[in-house]
Amino acid sequence: MIDVRPFNTLGGANHGWLNAKHHFSFANYYDPNRMGWGRLRVWNDDEIGPKSGFPPHPHADMEIITYVRTGAITHQDSMGNQGRTGAGDVQVMSAGTGVRHAEYNMEDELTTLFQIWIETDRPGAEPSWGQREFPKSDRSGKFTVVASGDPADEALKINADAKVLAATLKAGESLSYELKSGRRAYLVPAVGQVDVNGTQLNARDGAGIIDEAVITITAKEDAELVMVDSL
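Being a predicted model, the structure only gives us computed values, none of them experimental. Starting from 1, residues in each chain are numbered consecutively following that chain's sequence as written. pLDDT decides what is reported in this predicted model: residues at 70 or higher carry local features, side-chain atom pairs at 80 or more are listed and counted, and totals for whole chains, interfaces and linings draw on all residues regardless. With hydrogens and water excluded, all non-hydrogen atoms of the structure serve as input to the side-chain values.

Caption draft 1: Summary view of the overall build of the chain. Each helix is a run of H or I in the DSSP string that is no shorter than four residues. Each strand is a run of E no shorter than two, and both are numbered from the N terminus. Helix and strand counts for the chain come out as 0 helices and 22 strands. Within these notes, the globule rule equals 2.2 Å times the number of residues to the 0.38 power, and the radius of gyration is based on C-alpha atoms. A compact globule built from 231 residues would reach a C-alpha radius of gyration of about 17 Å, and the chain, at 17 Å, matches this within 12%. Referenced to the eigenvectors of the C-alpha coordinate spread, the extents of the chain come out at roughly 45 × 40 × 35 Å. Here the accessible surface of atoms and residues is derived via Shrake-Rupley with a 1.4 Å probe, and residues count as covered only by protein chains that are part of the display. When the accessible area of the chain is evaluated, it comes to approximately 9900 Å², of which 47% is carbon and sulfur surface. When the 22 basic and 32 acidic side-chain charges of the chain are each reduced to a single mean position, those positions are 1 Å apart. The convention is simple: Lys and Arg are positive, Asp and Glu are negative, and His and the chain ends are not counted. Charge positions come from single atoms, namely NZ of Lys, CZ of Arg, CG of Asp or CD of Glu.

Here is the structure:
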């Protein structure tokens with residue numbers, strides 16, 4: 001089953017400095033039919049204006065993954081971490097027992113990103129933060145795991161039985177992904193139109209996928225893909 005959530009049906013709010021679209025219920029957007037997808041609780045599509053951002057605010061017991069699409073985000077937190085994550089790269093924060101953080105667009109251009117929250121498997125864990133570059137050339141034509149609860153993946157570590165994956169496809173290229181029984185995938189093309197097991201997705205549409213043993217994605221035009229595989 002593939003449940004398509006077209007971009008133009010997403011909830012959201014435009015705060016001037018922040019234009020946010022929500023794939024699932026978040027903040028003032030509430031839809032009882034869009035509360036999450038398994039353990040995936042939040043997928044926000046954020047556009048953050050230059051020289052603006054999220055001031056310090058708290059989180060606890062959530063795995064928060066930020067995939068930067070264009071521009072860059074600069075992170076600061078109460079653990080003393082600071083870092084800049086540029087386009088195509090990823091940062092993760094395990095909020096654990098509690099952490100305050102700020103995310104600023106210090107650039108002179110618009111920053112766009114996906115903010116993804118996954119329910120933790122380790123409530124009360126020590127909070128942590130990490131950042132890593134993921135060159136697009138390394139994930140051309142294939143999925144690369146960028147964050148995972150499985151140490152064997154050699155990706156950014158999260159405290160959840162989940163994987164965040166990214167890929168790029170040239171127009172006409174295809175890739176396939178095996179979705180194990182009982183697991184769910186949520187796929188969003190950051191760029192480009194794709195076909196997913198016969199279902200069309202446009203850029204920034206979401207697709208909740210379950211009970212599909214193999215997911216085959218064909219790019220109708222050059223595409224950049226982000227997907228979560230979780231319980």
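The structure having been displayed, the exposition proceeds.
Caption draft 2: Spatial organisation of the pairing of strand E21 (residues 214-219). Only one face of E21 is covered, namely the face carrying Ile215, Ile217 and Ala219; the face carrying Val214, Thr216 and Thr218 is uncovered. Strand pairing is assigned whenever DSSP detects at least two bridges linking the two strands. Strand direction decides the pairing type here: strand E16 (residues 174-178) and E21, joined by 5 bridges, are antiparallel. Bridge pairing in E21 places Tyr177 opposite Ile215. With 3 bridges connecting them, strand E18 (residues 194-196) and E21 associate as antiparallel partners. Bridge assignment links Asp195 to a residue of E21, and that residue is Thr218. Under the scheme applied here, a residue whose accessible area is under 20% of the maximum for its type counts as buried, over 50% as exposed, and between as partly exposed, the area being computed with a 1.4 Å probe on protein chains only.

Caption draft 3: Just the pattern of salt bridges, in detail. For this analysis, a salt bridge means a side-chain nitrogen from Lys or Arg found within 4 Å of a carboxyl oxygen belonging to Asp or Glu. Tallied over the entire structure, the rule returns 12 salt bridges. Across the salt bridge formed by Glu47 and Arg204, the nearest N and O atoms sit 3.2 Å from each other. Linking Glu47 in strand E4 (residues 40-48) with Arg204 in the loop between strand E19 (199-201) and strand E20 (206-210), this pair joins segments that are 157 residues apart in sequence. Look at Arg204 and you get buried, because its relative accessible area is 18%.

Caption draft 4: The arrangement of the sheet that holds strand E14 (residues 156-157) in detail. Pairing is mixed across the open sheet formed by 7 strands, whose spatial order is E1-E20-E17-E22-E15-E13-E14. Since the sheet does not close on itself, it has two edges, and those belong to strand E1 (2-5) and E14, each with one partner. Inspection of the sheet shows strand E17 (residues 184-191) paired to E20 by 4 bridges, in the antiparallel sense. The partner of Tyr186 across the bridge, within E20, is Gly208.

Caption draft 5: A look at the nonpolar core. With 26 residues, the main nonpolar core has Leu40, Trp43, Ile65, Ile116 and Ile118 as its most contacted residues. Setting aside residues up to four positions removed in sequence, Ile65 forms contacts with Val90, Gln91, Val92, Phe114, Gln115, Ile116, Ile118, Ala147, Ile158 and Val164. Side-chain atoms within 4.5 Å are what join buried Ala, Val, Leu, Ile, Met, Phe, Trp, Tyr and Cys residues into a set we call a nonpolar core. Ranked by size, the runner-up nonpolar core spans 22 residues in total, among them Ala167, Val196, Ala207 and Ala219. We call two residues contacting when some pair of their heavy atoms lies within 4.5 Å.

Caption draft 6: Seen up close, the sheet that holds strand E11 (residues 111-119). Taken in spatial order, the 7 strands of this open sheet run E2-E3-E4-E11-E6-E9-E12, and their pairing is antiparallel. A strand with exactly one partner marks an edge of an open sheet, and here the two such strands are strand E2 (11-14) and strand E12 (128-132). Ignoring strand direction, the axes of neighbouring strands in this sheet form an average angle of 15°. A fitted line through C-alpha atoms serves as each axis, taken over the contacting stretch for helices, and the angle formed by two N-to-C directions is quoted from 0 to 180°.

Caption draft 7: Broad picture of the pairing of E11. Burial analysis of E11 places 8 of its 9 residues in the buried class, which makes it a mostly covered element. With 8 bridges connecting them, E4 and E11 associate as antiparallel partners. By the bridge assignment for E11, Val42 is matched with Trp117. Bridge analysis of strand E6 (residues 62-70) against E11 gives 8 bridges, and the strand direction is antiparallel. By the bridge assignment, Thr70 is partnered in E11 with Thr112.

Caption draft 8: Fine view of the environment of Ser137. Among the secondary structure elements, Ser137 is positioned in the loop between E12 and strand E13 (144-148). For Ser137, a relative accessible area of 61% puts it in the exposed group. Separated by 90 residues in the primary sequence, Ser137 and Glu47 place their C-alpha atoms 25 Å from one another.

Caption draft 9: Molecular detail of unusual backbone geometry. Even without a glycine there, the phi angle at Asp61 is positive, about 50°. Overall, the relative accessible area of 31% leaves Asp61 in the partly exposed class. Although it is not a glycine, Glu154 sits at a positive phi angle of roughly 50°. Here Glu154 shows up in the loop between E13 and E14. Overall, the relative accessible area of 64% leaves Glu154 in the exposed class.

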